[in-house]
There are 6 protein chains.
Amino acid sequence: MAEEQSKSLKLAIPKGSLEKPTLDLLEKAGYNIYVSSRGLRPSSDDADLDLFLIRAQEVGRYIGQGFLDCGITGLDWATEAGTELVDLAELPYSRATVRPTKWVLVVPEDSPIQKPEDLEGKRIATEGVGITQRYLAEKGIKADVEFSWGATEVKVPDLVDAIVDVTETGSSIKANKLRIVDTLLTSFPHFYASPEAAADKWKREKMERICLMLKAALDARDKVGLKMNLPEGQLKQALDKLPSLRRSTVSPLAEDGWVAIEVVIEEKVVRHIIPALKELGAEGIIEYPLNKLVS
Amino acid sequence: MAEEQSKSLKLAIPKGSLEKPTLDLLEKAGYNIYVSSRGLRPSSDDADLDLFLIRAQEVGRYIGQGFLDCGITGLDWATEAGTELVDLAELPYSRATVRPTKWVLVVPEDSPIQKPEDLEGKRIATEGVGITQRYLAEKGIKADVEFSWGATEVKVPDLVDAIVDVTETGSSIKANKLRIVDTLLTSFPHFYASPEAAADKWKREKMERICLMLKAALDARDKVGLKMNLPEGQLKQALDKLPSLRRSTVSPLAEDGWVAIEVVIEEKVVRHIIPALKELGAEGIIEYPLNKLVS
Amino acid sequence: MAEEQSKSLKLAIPKGSLEKPTLDLLEKAGYNIYVSSRGLRPSSDDADLDLFLIRAQEVGRYIGQGFLDCGITGLDWATEAGTELVDLAELPYSRATVRPTKWVLVVPEDSPIQKPEDLEGKRIATEGVGITQRYLAEKGIKADVEFSWGATEVKVPDLVDAIVDVTETGSSIKANKLRIVDTLLTSFPHFYASPEAAADKWKREKMERICLMLKAALDARDKVGLKMNLPEGQLKQALDKLPSLRRSTVSPLAEDGWVAIEVVIEEKVVRHIIPALKELGAEGIIEYPLNKLVS
Amino acid sequence: MAEEQSKSLKLAIPKGSLEKPTLDLLEKAGYNIYVSSRGLRPSSDDADLDLFLIRAQEVGRYIGQGFLDCGITGLDWATEAGTELVDLAELPYSRATVRPTKWVLVVPEDSPIQKPEDLEGKRIATEGVGITQRYLAEKGIKADVEFSWGATEVKVPDLVDAIVDVTETGSSIKANKLRIVDTLLTSFPHFYASPEAAADKWKREKMERICLMLKAALDARDKVGLKMNLPEGQLKQALDKLPSLRRSTVSPLAEDGWVAIEVVIEEKVVRHIIPALKELGAEGIIEYPLNKLVS
Amino acid sequence: MAEEQSKSLKLAIPKGSLEKPTLDLLEKAGYNIYVSSRGLRPSSDDADLDLFLIRAQEVGRYIGQGFLDCGITGLDWATEAGTELVDLAELPYSRATVRPTKWVLVVPEDSPIQKPEDLEGKRIATEGVGITQRYLAEKGIKADVEFSWGATEVKVPDLVDAIVDVTETGSSIKANKLRIVDTLLTSFPHFYASPEAAADKWKREKMERICLMLKAALDARDKVGLKMNLPEGQLKQALDKLPSLRRSTVSPLAEDGWVAIEVVIEEKVVRHIIPALKELGAEGIIEYPLNKLVS
Amino acid sequence: MAEEQSKSLKLAIPKGSLEKPTLDLLEKAGYNIYVSSRGLRPSSDDADLDLFLIRAQEVGRYIGQGFLDCGITGLDWATEAGTELVDLAELPYSRATVRPTKWVLVVPEDSPIQKPEDLEGKRIATEGVGITQRYLAEKGIKADVEFSWGATEVKVPDLVDAIVDVTETGSSIKANKLRIVDTLLTSFPHFYASPEAAADKWKREKMERICLMLKAALDARDKVGLKMNLPEGQLKQALDKLPSLRRSTVSPLAEDGWVAIEVVIEEKVVRHIIPALKELGAEGIIEYPLNKLVS
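Parameters and conventions
- Residue numbering note: each chain is counted from 1, following its sequence as written.
- Working convention: letters from A go to chains and numbers from 1 go to ligands, in the order in which they are written.
- Two thresholds apply to this predicted model, a pLDDT of at least 70 for residue-level local features and 80 or more for giving and counting side-chain atom pairs, whereas whole-chain, interface and lining totals are computed over all residues.
- Side-chain measures here rest on the full set of heavy atoms in the structure, leaving out hydrogens and waters.
- Buried residues are those whose accessible area, probed at 1.4 Å on protein chains only, stays under 20% of the maximum for their type, while exposed residues exceed 50% and partly exposed ones sit between those limits.
- Think of it this way: any DSSP run of H or I at least four residues long counts as a helix, any run of E at least two long counts as a strand, and we number them from the N terminus.
- Paired strands, in this sense, are two strands between which DSSP finds at least two bridges.
- It only takes one pair of heavy atoms within 4.5 Å for two residues to be counted as in contact.
- Put simply, buried area is how much 1.4 Å-probe accessible surface two parts lose in total, over both of them, once they are put together.
- Definition used for salt bridges: Asp or Glu carboxyl oxygen within 4 Å of a side-chain nitrogen of Lys or Arg.
- N or O atoms within 3.5 Å of each other form a polar contact, as long as, within protein, one can give a hydrogen and the other can take it, and as long as residues adjacent in sequence are counted only when both atoms are side-chain atoms.
- Axis lines are fitted to C-alpha atoms, over the contacting stretch for helices. Their N-to-C directions set the angle, which ranges from 0 to 180 degrees.
- Note that domain bounds follow an automatic or database assignment of domains.
- What sets the superposition is a least-squares fit of C-alpha atoms, and only residues with pLDDT of at least 70 in both copies go into it.
- Relative orientations are named as follows: roughly parallel for angles under 35 degrees, roughly antiparallel for angles over 145 degrees, roughly perpendicular for angles from 65 to 115 degrees, and oblique for any other angle.
- Residue type decides the class: Asp, Glu, Lys and Arg count as charged, Ala, Val, Leu, Ile, Met, Phe, Trp, Tyr, Cys and Pro as nonpolar, and the leftover types, Gly among them, as polar.
- Note on ring pairs: Phe, Tyr and Trp rings are taken, using the six-membered ring of Trp, and paired if centres are within 6.5 Å. Classes follow the plane angle, with under 30 degrees stacked, over 60 edge-to-face and the rest tilted.
- When the NZ atom of lysine or the CZ atom of arginine is within 6 Å of a ring's centre and also within 35 degrees of its normal, the charge is said to sit over that ring.
- Note: pLDDT gives the predictor's confidence per residue, expressed from 0 to 100.

*Asks:* Would you take a moment to explain the pairing of strand 12 (residues 189-193) of chain D for this structure?
*Replies:* Looking down a regular strand, the side chains alternate between one sheet face and the other. All names here are of chain D. In terms of burial, strand 12 is a largely internal element, 5 of the 5 residues being buried. Where strand 5 (residues 70-74) meets strand 12, 5 bridges bridge the pair, whose relative direction is antiparallel. By the bridge assignment, Thr 73 is partnered in strand 12 with His 190. Inspection of the sheet shows strand 6 (residues 86-90) paired to strand 12 by 4 bridges, in the antiparallel sense. The residue of strand 12 that forms the bridge with Glu 90 is His 190.

Here it is as structure tokens:
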């Protein structure tokens, strides 16, 4: 016990576009993180955690080098770092939407490049040099890949022939009159550990608890609780017709002939379920919000 | 099934002051609407919906002409449009408050006009020319009604003798030193359909489901869930004294002599109920929020 | 003198998108207007002015009916009002840019309508019903014109075949994938008076002074003052090569052989003039801003 | 009943840094307060309340003088006022955090003053003259205490030798390179009544109900509801290992061998409980938010 | 010279509502002051200045006690402080407008108090206890004056009978349905020095230079420069008719028969002068802005 | 002439922290640049310019590769790029202040590293790998330099031993409790051209004109115009005592015995000059702002 108190877990939070959604997720998971306006070493209400705000591109590097125990970063940047990491959990959230980040090969709308093979001998600019080189190597294509510090879209066609860039919604691509030729990689954030930390019993357990809570918060995001009273005689038909009710808790009501039903379902299913339930005679239907869910 | 997929429902959302509360209500009802910064054709997560952002004044016209199947707009503007519409639901929300919009006949504080009849031969400016003309006709009053493009309050007394204008709270009227002479119309938003759409089985069912969900979201707005444990012996007295508990679900607790009570009640009643319950010996009283409610 | 003090000029300022640029222009012209947050009757530091904030669409109507003496509104809305007005000055400013407002006939990019004549028998929605009807009449085209309360772009092609709408930059048109078929009217704000006010000596003089100051402020907008010292021997060559210097004030300097030159020129010419002047040996070239300019 | 309607309770809300958190708390407690932009006499949806926005420093004075019945203000300012008040409830919230306000004796980091006794004969500036004088008297220290209107930190060491100032987090003190010598007082807001109001049956009951609701809202702030299903055989072990579950409601499930457990616990405990419950075989664990809680 | 460098002037800037206009004025006067977000000891580009941000109420006290050499604060608060100060300059600016602050005796619109004498035996709340007591003493009125920490308007009539409060525009008074009975004091900011600093040669000179620059910036605020060319023959008539031109600089132009005129005048006069000048044949009239002006 | 019209100059504007100050400077210089919200290819009112928004780090690379003719970027990034560039002008502005960017070697306050030589064998993180390696090579120090994607301050001491980072004011360094060991480079923006563009007559002339205008706008930034009238007899003494007046334009006034003096001087000198001038009897002293200045 005394030993445990001296332990601490060095955990990296990705600075940049994933920063706010990651902090929000941690808070929903029950970890309150305090970031001062300038500081890059946040504090938290869990004394075991030693936190670092690090660019998503570098989280993998510093875990791989053993300077940090674990951290959250995209599959893409972990791949780019090229170091050995233990993947403890995929966390399906993203910058602005719930869709994964995609790395796409992009050219101007009117470019002659129609398929990856047309890149032979061309110049490509990208923030993900490793991702792009691996992709070209797999396809046996030879092309010049140069590192881009950002604002990559402007470079075609004047400065390079094609770019490999990140998109969530594709809207920036359309706005810049560009065309997607291929998708190289689809990426969500993951929770990564160093092999050393993953082999340490205390750290492993600590990290798995954090992952459990993060996933509980993510699972609750698009789910809701639903309760209603139903005439007992309709129960079988309801379960037959509405498969999403099958995992309900059913309890008897004081009033004879009625049962109480409670279930957790996807929020977007509710608009189909409620009208059907009403037709079956359900009463007192209420939908309530969830904070966390462990199925 | 295949046939249904090709169906679509053309639905108008009122652009302007009702736009944000209408989109918020749709989201609470389970329909996520995406409005791009410039676009007037929102998309949604319901593939059956074909959405239009249309000025509240014109929603009725385009449904009446058969160009759209249905839409949400105020009773006032639907009346003004003067076309045949099927009224599927009243939706009691409004721009800024929960009070209905009122069309009022307004004059300067010190105007000699004291009652509607004093308008005989006068000039009236209003955005609701039809509403005003119908009102005057009913009362047998003859007056000049001219269309106002807005900023109507400034027009009395220099440019016209009276105005007919919209108010929710009356605060703008007081701030401009005006006086209300009469109320012409009280209006909440309604969900309207065209006669053709209302006669189409698929469209009718679709529209009724949307209305059901919209009303479920509105009903949950000012309600909360309440749970508590009560000594079994106090149950009768509680139900006698607190009529709002009569629709409770009562279930036995493991501990002898206690029952669990759960009920949905108006949020504003809670401050009266809880002190009374406490006096009756209730324990573990919790209040929780609701998303939707179908009684 | 005593008589003059009792006089007052009823002046309309256009409420809406022209409101802020009009108030800014009046302030640059030397008239400070105070608009309270709710009030539509601004006050000013000129006791002779009795000000009204009126929608641009209605300024012409109320001047034409004689309720107001004068006001600022677009040529387009003055035309739409169809009343007799005295045009005292064109004021070349606009909502967001320095370009005039254009009324354009617009269809979807892929519409079969290619020229005005293709509108025969079609439906057109517009806020400018009069402008559109006059245009169609001149061309001998018969089409249905219906009044639009705004958000007009969304209406093609589902609700109408074409629209007539206002644009300064055309960017909203491109963003909505529409195509311009023809331009009906090009419009800047004007200062209009009623025939009665224009015939009244005091009012006429007052209005002309205001117009003079408004134009002085507009003229100074894109002009700057330029001063420099030049070797006297270069003066002729400078005036020959740089026509914009010809209206300069030239004065002798204490130092023999040098003259001081001062001129008011267009700001955008300066980047061509200064390098040339430097080559001619000019020294101490300074550019300074102007508030007002009466040539 | 008729008599009660004519009764009213004069209640002070502290204006200034406590204003927003106090209004938020009242709303969570079920009292909607409407503050107009300028007005200092808010209205509410409880017709019995007659509300005043009064500076926290003066709430105690006006209750003590009998002009108001009751009000919310900090223990510090109530002490400073020095009048006789009845303390009905401590309300543990604060300006920006959940920590109490502290009155601290502060000097520059490099001041020779190391303990309270070093203040003998020095000059102290403070907004809390009474608090400071009482503190010095208790310790038998003689020093000059002068009233400060604010911006007190700037005064050391040029204008005074030490200050007594308010802090929640200490961050402003560090930023100004100051050092805390001693803490004079720790203060949360309280609900105070005048002796007269506390002796009036109707007012006393009314005030106690308000206090009950305020505390119910505060208690729910950091608590959540937790539900799960557990194999019946694990129940004893769960209650043994997880003391926070001991107040659970346990109910039988339709499915044999399983029980449903529901409990209200501190949100910050959840991250420890859920992993343990999962290990014990719990399923369908959900966490949901609370509005109010009366244990 | 070496001695001078070691000198410094301790100058107070009023914190609060006068802070921003005072810093703006100092900047226009040529002193750039840097206030960090939290710090109360601003730095500047004048190494001789040692700056303090101090509440306007206390500036006078700390100058009077000799802790500071000089500072800017309102005449009202300097009076309230009651210490001996040397008044070096009145600086006619204010919080939000260019009007002075007024201390007014205020009662509810429907109060029986109609004149100062009606206050006999009444209770008055005010932030300016000294100002109010001196006023009552002069008039021989006996009343209770209690210190108010702010939000004073709300106190009448429930808590006190009258208030003495500050106003620039009177708008807050009207909004709160109050009535002004009398004006106690009219106050602009002044530049005050301590008697010791005023007697020190270096400090006196330094302070007088700052005052000169502050007044130069204030004088330029509402003035503009005006230049034009005029036919020489019209000069006399112009000077006769337009008294504000009499201080013009007149210089001959190269072109025979024309003179150049340059003058600094009040901006608000320009709208009267320019039309008259144009009638007299003036050409090339330009108005340009000023930064500073020493007449 | 016709040939020139087909010419165009490809000019890079640095995207990122220098973007806004660079666009502001171009506007002051007379070039209006229009950047749409998403687009990276700005347009301008100079048809000869073909503009690119490119990260400051890459401007040098693309000019060096010949894809662009010229551009503005910091001396630091141009050095880092390591390509051959023609340096046409230093432009002394920066991100937030008027101070140059500095690249500094930084360690934690309590690090044992006291001088550059202490870095031997250590790890350094930096965005400027080339700048850092060149610096180490010059000093004969061997250390590990790794590329940092940003948020570099957080890396010491946990992840690296020292960092090389950019600062304008040093405030971020102090806030993070770091210490500067050495300054590697001091950098202002420059206007760079490719050798090819510099050798093309039309492009060279075009670029030199742009540089001239940019410098004219920068020179005017901290200068003002000053005019006054002075008794002729005081002129010699004024010029003797106030060296900054020596480049004045002196002209005779109509009134005998007085001369008019006009001069351009540094704004920060004005507060010393004006009091001296006043003492010498100067009258009508005015200071006015400048847009551009070519000495």
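Back to the write-up after that little detour.
*Asks:* Would you take a moment to explain the interface of chain C and chain B for this structure?
*Replies:* Between chain C and chain B, the contact holds 37 residues from the first and 37 residues from the second. In total, about 3000 Å² of surface goes out of reach between chain C and chain B, with carbon and sulfur atoms giving 60% of it. For the interface between chain C and chain B, the tally reads 8 salt bridges. Summed over the shared surface of chain C and chain B, the number is 20 residue pairs in polar contact (both at pLDDT 80 or more).

*Asks:* Teacher, can you tell me more about the sheet that holds strand 1 (residues 9-15) of chain B here?
*Replies:* As a general point, the strands of a sheet are linked pairwise by backbone hydrogen bonds and lie either parallel or antiparallel. All names here are of chain B. Ordered in space as 4-1-5-12-6, the 5 strands form an open sheet in which the pairing is mixed. Since the sheet does not close on itself, it has two edges, and those belong to strand 4 (49-55) and strand 6 (86-90), each with one partner. Within the sheet, the average angular offset between the axes of one strand and its neighbour, ignoring direction, is 30°. Here strand 1 pairs with strand 4 via 7 bridges, running parallel. Paired with Lys 10 across the bridge in strand 4 is Asp 50. Sitting on the sheet, helix 2 (residues 19-28) is in contact with strand 1, strand 4 and strand 5 (70-74), with an inclination near 135° to strand 1.

*Asks:* I tried to follow the domain arrangement of chain A on my own but got confused; where do I start?
*Replies:* Many authors give the size of an interface as the accessible area that is lost as the parts come together. Domain boundaries assigned for chain A yield domain 1 (9-97 + 189-219), domain 2 (101-186) and domain 3 (223-289). For domain 2 of chain A and domain 3 of chain A, the distance between their C-alpha centres works out to 50 Å.

*Asks:* Is there a simple way to explain the relation of the copies chain E and chain D in this structure?
*Replies:* The two copies are related by a screw motion: chain E maps onto chain D through a turn of 180° and a shift of 0.0 Å along the axis, at an RMSD of 0.1 Å. The relationship between the two copies is best expressed as a two-fold rotation axis. Identified as the residue of chain E closest to the rotation axis by C-alpha distance is Trp 149 of chain E, at 4.6 Å. Looking at chain E, 100% of its interface residues are interface residues in chain D too, so the copies touch through the same face.

*Asks:* Sorry, what's going on with the packing of helix 10 (residues 270-279) of chain A against helix 8 (residues 201-221) of chain B here?
*Replies:* Two measures define how a pair of helices packs: the angle their axes make with one another and the distance between the axes. Here helix 10 of chain A crosses helix 8 of chain B at 100°, and the two axes come no closer than 10 Å. Judged on the interaxial angle alone, helix 8 of chain B and helix 10 of chain A are roughly perpendicular. Note on element contacts: helix 8 of chain B touches helix 10 of chain A through Arg 209, Leu 212 and Met 213 of chain B, opposite Val 270, Arg 271, His 272, Ile 274, Pro 275 and Lys 278 of chain A. Looking at the contact of helix 10 of chain A with helix 8 of chain B residue by residue, the classes come out as 5 nonpolar, 1 polar and 3 charged.

*Asks:* Teacher, can you tell me more about the packing of aromatic side chains here?
*Replies:* The relative placement of two aromatic rings is captured by the distance of their centres and the angle of their planes. All chains considered together, the criterion is met by 33 aromatic pairs over all chains. Between Tyr 288 of chain C and Tyr 288 of chain F, the aromatic rings sit 6.1 Å apart at their centres with planes inclined by 70°, giving edge-to-face as the arrangement. With Tyr 288 of chain C in strand 16 (residues 283-289) and Tyr 288 of chain F in strand 16 (residues 283-289), this pair bridges two chains. For the pair formed by Tyr 288 of chain C and Tyr 288 of chain F, the shared burial category is buried. Among the aromatic residues, those joined into a ring-pair cluster are Trp 77, Trp 103, Phe 147 and Trp 149 of chain A together with Trp 77, Trp 103, Phe 147 and Trp 149 of chain F. Across the ring face of Phe 52 of chain D, the terminal group of Arg 41 of chain D is positioned such that the distance to the ring centre comes to 3.9 Å.

*Asks:* Please clarify how the interface of chain E and chain D should be interpreted in this entry.
*Replies:* Tallying the contact residues gives 37 residues for chain E and 37 residues for chain D. Carbon and sulfur atoms supply 59% of the area that chain E and chain D bury against each other, a total of about 3000 Å² over both sides. The interface formed by chain E and chain D holds 8 salt bridges in total. A salt bridge links Lys 155 of chain D to Glu 58 of chain E; the nearest nitrogen and oxygen atoms lie 2.5 Å apart. In this structure, the connection of chain E to chain D is made through 20 residue pairs in polar contact (both at pLDDT 80 or more). For the side of chain E that touches chain D, the class distribution of residues is 16 nonpolar, 8 polar and 13 charged.

*Asks:* Explain the confidence of the model for chain A here, please?
*Replies:* When pLDDT is low, close inspection of the predicted coordinates is not appropriate. All names here are of chain A. In the predicted model, chain A carries a mean pLDDT of 90, and the fraction of residues at 70 or more is 96%. Ignoring residues within four places in sequence, the model shows residues 1-5, a span with pLDDT below 50, making 1 contact including any to other chains. Scored as a whole, the predicted complex attains pTM 0.85, and scored at its interfaces, ipTM 0.85.

*Asks:* Can you walk me through the arrangement of the chains in this structure?
*Replies:* One thing to see here is that chain C and chain D don't touch, and their nearest C-alpha atoms sit 12 Å from each other. Over all C-alpha pairs, chain B and chain F never come within contact, reaching a minimum spacing of 12 Å.

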